[in-house]
Amino acid sequence: GRKIQYGYTAIQCKSTPGEGCFAGFCIWDMLERKLHKAIYYQDGEVGGEPMVLKDKATDMVYIGIYTYNFEEEQTYFLLFDGNNGDLITRLKMPYRVPFGFHGLWVTKEELSGHFSHHGEKESASVTASKEISYV
C-alpha cells in the first residue's frame, strides 16, 4: 500500500464546551511517528471535526473545519494546508453550522438531481469540482 505521511486529530480540552467541539487540531507525522504541529483556533472559538480534502490533480491535501465564534455568534469555514498547517482562508458563513456537522462532496450532476427531486430550480451559482474529494 501507499504510505501516508500525515494524520490529523482534533484537540479536546477544558476550554471546549462539550463533546463534538474542539479547540484545534494536530498534524501527526506518521513516518517520523511524532507530532508535526498543533493548531489552536482563536480565543472564544471552537471547531468541529477536521475534514481531510485532497486535490487529485496536484495530490495536495487540505484540512477544512467549521468553527464557531461565541462572541460574534458567527460560523466560519477555515481551510488549512494539510502539510504545514498554514491557514489558507477563513470564510464567514451566511448561516450557523452546527457542531458535529459532517460534509459530503457531491458531483454537479448529483446536486442537480437533488434540486430536481425537491422541485427547485438549480441555482446559477451551483458548481462542483470533480478534482476535489473528501477522504
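Residues numbered from 1 in each chain as written. Predicted model: local features only at pLDDT ≥ 70, side-chain atom pairs only at ≥ 80, totals over all residues. Heavy atoms only, no water.

Undergrad: I tried to follow the side chain of D29 on my own but got confused; where do I start?
TA: One can find D29 in strand β2 (residues 24-29). We note that D29 is buried and unpaired, the nearest opposite charge coming from K34 at a distance of 6.3 Å. A polar contact of 3.3 Å, which involves the side chain of D29, links it to the side chain of Q5. Setting aside its immediate chain neighbours within four residues, D29 contacts Q5, Y6, K34 and H36. (Helix = DSSP H or I, 4+ residues; strand = E, 2+ residues; numbered from the N terminus. Buried < 20%, exposed > 50% of the residue type's maximum accessible area, 1.4 Å probe, protein only. Lys, Arg positive; Asp, Glu negative; His and termini not counted. Salt bridge = Lys/Arg side-chain N within 4 Å of Asp/Glu carboxyl O. Polar contact = N/O pair within 3.5 Å; in protein donor to acceptor, adjacent residues only side chain to side chain. Contact = heavy atoms within 4.5 Å.)

Undergrad: Please explain the pairing of strand β7 (residues 74-81) as it appears in this structure.
TA: The side chains of a regular strand alternate, residue by residue, between the two faces of the sheet. By the criterion of burial, β7 is predominantly enclosed, with eight of the eight residues buried. Burial along β7 is two-sided: Q74, Y76, L78 and F80 facing one way and T75, F77, L79 and D81 facing the other are all buried. Taken together, the eight bridges between strand β6 (residues 60-69) and β7 define a ladder with antiparallel strand orientation. Its bridge partner being in β7, Y68 is matched across the sheet by T75. Bridging between β7 and strand β8 (residues 87-92) involves five bridges; their strand directions are antiparallel. By the bridge assignment, L79 is partnered in β8 with T89. Linking β7 to β8, which pair antiparallel, is a turn of five residues; within it G85 sits at a positive phi near 80°. (Pairing = 2+ DSSP bridges.)

Note that all results are geometric; they support no functional claim without further evidence.
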